[in-house]
Structure formats: structure tokens, C-alpha cells
Amino acid sequence: MEIDPFIFRLSIFILSIFVGYYVVWSVTPSLHTPLMSVTNAISSVIIVGAIIAALSSNDGVVFSSSSIYGFLAISLAAVNIFGGFLVTQRMLAMYKKKKKDK
Amino acid sequence: MSANLSAILYLVSGVLFILALRGLSSPETSRQGNFFGIIGMVIAISVTFLSAGNFTTGFVYVLIFLAFGGALGAFIAYRIPMTAMPELVAGFHSLVGLAAVFVAISAFINPQAFNLGTPGNIKLASLIEMSIGAAVGAITFSGSVIAFLKLQGIMSGAPITFKGQHLLNALILVSIVILTFYLCSSQSSKLFWILIAVSFLIGFLIIIPIGGADMPVVISMLNSYSGWAAAGIGFTLENTALIITGALVGSSGAILSYIMCKGMNRSFFNVILGGFGGGEQTTSNQNKEQRPVKSGNADDAAFLMKNASSVIIVPGYGMAVAQAQHALREMVDTLKKNDIKVSYAIHPVAGRMPGHMNVLLAEANVPYDEVFELEEINNDFANADVAFVIGANDVTNPVAKTDPQSPIYGMPVLDVEKCKSVLFVKRSLSPGYAGIDNDLFYKENTLMLFADAKKMTEDITKNL
């Protein structure tokens, strides 16, 4: 009997939850705010779906009832991707060790 | 591009996202981690472009919308003050949620484009996944908008409660399940729109009864939701990168909510059901008499600190409100010049989001190895000469250890009262968020400094 591909995706999903669990517990508490902003940025990989949606209309028509939602979603996700990664970078650049001056 | 190759590349970007989170285990590796995240995103987007393979006018518009959103995001990222980080994150969550809703709508209208069947005849599994993605996305969106408004102060931070609230919410949640069921059997687009509308409504209703200082839990929870929404869409699109990311973000947000709840010694449901910090909790201080308080000025504070050999600083949300972090660091610099040992103690729920205080201190150039978490530093209070409490309140309240009647009993608190002397910067004697009096105000060794946090800190520096 053949296994439904859904089961494979479900396996990836479940295993990723466990990976996430252990990885996130190892994040130092002082970096919890950057953690939130970076998870925000990466969850915007949903832009992949938005691009497919935007390019979904049939030949010639750029803006159809379904692709318009795709275009809107692209903008929203793009705000998040650029905003999320850049603000994370800005924050992380501020974390400095004690200078050994004395 | 072949389907297998793109699937592998999506997997690669998923792995890079895992490494991005892994990097955050220490500040040294974190910048590299962020870089991995960016590469992962670039790969995911490029692969999608290449496998779409139709470089027509539509493609140009995709780039235009992408550039527009990207420019806006970059602009916000550079302009936002660090004190506004909780609002920013809440705002960003709402965008992920809404994007998930839009993608689900598009897939529902035009399922052929996603290989999910034809309109009115969408594969059952896809329809379920789509509904989950859309519903969770909608809840994330409206919930985050409310959280944003509360954090921004546009909406009052006070919990909004009414009779039958929990019953109403429960009914709506049940109706979402029923709607999804009927949607799957009828494929009716009307039901799909109703499902989305009802999900928007419940997101709104869930967040309004939750008070301002519980926002760390709310933001983490919405963070988690945005992940589950992404995962739901990932299943619909059969996209590994989305599934992995959704799971990562979902569990990350869940862990953060757990840490925050534990920091308040409250169950997740207690926070989510809301109403905390309203008028109801005042019972414990009904028989309160006027107790004597010692108050001082900047001069007294400077004198105490000058004669100390070690000082522990306890920052809280009030420091963020007063934007006092830079003034604080200047004060600490002066102290250090006098060979006084200074460290910072951060309570897990200080501020309005996880790690909020750490970011503000980092912004003020405080080295991160001088900043300690509750468990790391709590034993040091007994050996320290001065505790300087700036903008924190409930997290220092000894009542949490002594009075089982108190609503915050059992909450882990900083043992500030064990210091030889405590300087407490606060504008008035008013109780904190939990609505209870802080016993620390009336202790023999506490000196209250009634002033704006920033102004007081600057004055102390002048007097040092």
C-alpha cells in the first residue's frame, strides 16, 4: 500500500516542532526580543504562497480576483521580511561585551 | 526547475531558518544566525520565482509589490525606537496573519493554480488545511491589532470585560469548528467568508479582556499563532519551507508564553481568560492603614550609592516609559568610575515583551555580561549594598513570598528587600499593575524617590 504524501509532510511538521522546542529553549533569555522579531521575519516565508497566488491568473490578465489577494499578501509579507530581518540586525548589533579597558 | 530540486531547496531554506534560531543561543553567534535566516529567505523566494517560470507582466508586478512592501519594512525597521519594539512586533504579527488569510482566500478562489482541484471541488484535505490557515491567520490578525492598539496606548490597557464573555467566546469557537465542517461538505464560498469573518471577531474578543502588563504573554501567544497559520498554509501548498518554519515559530511562541506565565506564576488560561489587574483584586488591601514611608531626594540617593561597594539595578517597564535607559547608563558609568560594582537584575516579565529590558539596556550600550536573569542574581541581593529599582514594582513585592492571600502569591520575585538599602524610583505610591500595595515601600531600609525616572537618574548623576 502506498503512503499518502500528507503523512510525510506531517512527519516533517511534527519533527520540526521538536527541533523548534529544543532550539528555542537554548536561546538565551536576553535575546528573547530578537527571537520574536526573527521568527516574525521567517514566518513571512508565506510570501512563497503569495507569489504563487499572484502569478495564478490565466494568460494575459494580471489582476484577477484571486491574484489581487496574492499581490496584497506579497506586500504584507515583504514588509515583515525586510522589517523583521533588519530590525533584528539592528538589535543584535547593539549587544556588546564589556570592554576590557581598565 | 524540477519539482524535486525545488523541494530540496525549500528544505535547505527550512534548515537555514533552524540555524537562524540556533544562532540566538548567544549574542556572539546571533548575527551570523540572522544572516542564515536572510539567505534562507532569499533561497525560498528565488526558488518560487524560478519554478513559477512565467516571466510575464505579472512577474513585474510581483517585483513592484515586493519592492513596495520591502521599502516600507526597511523604513520602519530603521526608524523605530527600541522602546516601541513590543508594538512593532505586534504589528508585524498582524501582517503575517493577514497574509495567511489572503493566500488562503486566493487558493480558495483559484485552486487550480495550487493544484488543489477546481472551484467547488477542492480536495478535502486541502480545504481543511486552508480553513485552519485562514481561521488562525484571521485570529492572529485581529488579535495582534488589538494588542498593538493597547501597547501603543490608542486603546486603554485596562481589561475590557462584560457578562457572558467567556460563554460567547466558547460559542464562537464551537461555531468555527461547525463552520469548517459544513464548509468541507458543501464547498460553499459563503461559508468560507463567514468563517473568516467569525475568526476575525474571535481574535478581537480574545484579546480585549487581557490587561496591559499581560502583554508579554499575549505577544508570545500571537507569535505562536502566526506560526501555526503559516504551517496550515504550508500544508495547503505542500511546501516544506513553510511547514518547517510554521512549526518552529509555533513552538517558539508557545515556549515564550510558557516562560512568561511561569514568571508570573499564573496558568496560561488564567492569563488568556483575562480580567487580571482590574478592580476585582483590591480585596487584599481593604484594611490598609496609612503606613509611614521614607522619602528622599537625589542628593540622599547619591550619598547612599557613593558609599556603597556594590549596586544592583532593577529596571522595569517604567524605565521604558520614561526613556531613562541612557540616563541610567550614565549614572552607572559615574558609579563605576568610583570603583563601585554595578550589575543589572532582570525579571522575566519586566517590560511589555520577553527580553524587552535587555534590548533597551543594550541600546544604551550596557554590556550584556553585566545583565543577569532572576535566578542568576537573586542570591546576590543579600550581599549588595544598594538596590536601585527603576520603573519596576510588582516584580519586587515581597508579599509574593509572604502572603498567601495576595493575587501575586507564589510569583518569583527579586529579593530586593535583602539589600542593605533600597532606592525605589517611582512617581507616586500608587499600586502596580496587579492592583496591590508593595510592602517594599514601607520597609525600614527603603528610600522612596518620588520623581520621573529619567529626571531622578540625571539628578543623581549630577550629585555623585
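Residues numbered from 1 in each chain as written. Chains lettered and ligands numbered in written order. Predicted model: local features only at pLDDT ≥ 70, side-chain atom pairs only at ≥ 80, totals over all residues. Heavy atoms only, no water.

## Section: the sheet that holds strand β3 (residues 310-315) of chain B
All names here are of chain B.
Logical step 1: With parallel pairing, 6 strands are arranged side by side in an open sheet as β5-β4-β3-β6-β7-β8. A strand with exactly one partner marks an edge of an open sheet, and here the two such strands are β5 (371-373) and β8 (446-450). Taking the axes of each pair of neighbouring strands and ignoring which way they run, one obtains an average angle of 25° across the sheet.
Logical step 2: Contacts between helix α14 (residues 356-363) and the sheet are confined to β3, β4 (341-346) and β5, with β4 contributing the most and set at about 145° to the helix.
Logical step 3: Along the sheet, helix α17 (residues 453-463) contacts β6 (386-390), β7 (421-426) and β8; its crossing angle with β6, the most-contacted strand, is approximately 145°. (Pairing = 2+ DSSP bridges. Helix = DSSP H or I, 4+ residues; strand = E, 2+ residues; numbered from the N terminus. Axes fitted to C-alpha atoms, helices over the stretch in contact; angles between N-to-C directions. Contact = heavy atoms within 4.5 Å.)

## Structural notes on the interface of chain A and chain B
Logical step 1: Opposite the 76 residues of chain A that make contact, chain B presents 105 residues.
Logical step 2: Between chain A and chain B lies a buried interface of about 8,200 Å² when both sides are counted; carbon and sulfur atoms form 77% of it.
Logical step 3: Remark: the boundary between chain A and chain B carries 1 salt bridge.
Logical step 4: Close ionic contact of E238(B) with R9(A) constitutes a salt bridge, the shortest N to O distance being 3.4 Å.
Logical step 5: At the surface where chain A touches chain B, the tally comes to 18 residue pairs in polar contact (both at pLDDT 80 or more).
Logical step 6: Broken down by secondary-structure element, the contributors of at least two residues to the side of chain A that touches chain B are α1 (5-25), α2 (32-43), α3 (47-54) and α4 (65-92) of chain A.
Logical step 7: For the side of chain A that touches chain B, the leading source of residues is α4(A), giving 24 residues.
Logical step 8: Here the side of chain A that touches chain B is composed, by residue class, of 49 nonpolar, 21 polar and 6 charged. (Buried area = accessible area lost by both parts, 1.4 Å probe. Salt bridge = Lys/Arg side-chain N within 4 Å of Asp/Glu carboxyl O. Polar contact = N/O pair within 3.5 Å; in protein donor to acceptor, adjacent residues only side chain to side chain. Nonpolar A, V, L, I, M, F, W, Y, C, P; charged D, E, K, R; others polar.)

## Some words on the packing of helix α13 (residues 325-337) of chain B against α17(B)
All names here are of chain B.
Logical step 1: Closest axis-to-axis distance for the α13/α17 pair is 9 Å, and the angle between their directions is 20°. By the angle between their directions, the pair α13 and α17 is classed as roughly parallel. The hand of the α13/α17 crossing is left-handed. The segment α13 lies against α17, with A327, L328, E330, M331 and T334 engaging K454, T457, E458, I460 and T461. (Parallel < 35°, antiparallel > 145°, perpendicular 65-115°, else oblique. Left-handed = near helix turned anticlockwise from the far one by under 90°.)

## Some thoughts on the packing of aromatic side chains
Logical step 1: Enumeration according to the criterion identifies 17 aromatic pairs over all chains in this entry.
Logical step 2: Taken together, a centroid distance of 5.7 Å and an interplanar angle of 80° make the contact between F181(B) and Y182(B) edge-to-face.
Logical step 3: Among the residues examined, Y182(B) registers a relative accessible area of 47% and is labelled partly exposed.
Logical step 4: Here a set of aromatic residues connected by ring pairs shows up, and it is made of Y69(A), F102(B), F108(B), F192(B) and W193(B). (Phe/Tyr/Trp six-rings, centres within 6.5 Å; stacked < 30°, edge-to-face > 60°. Buried < 20%, exposed > 50% of the residue type's maximum accessible area, 1.4 Å probe, protein only.)

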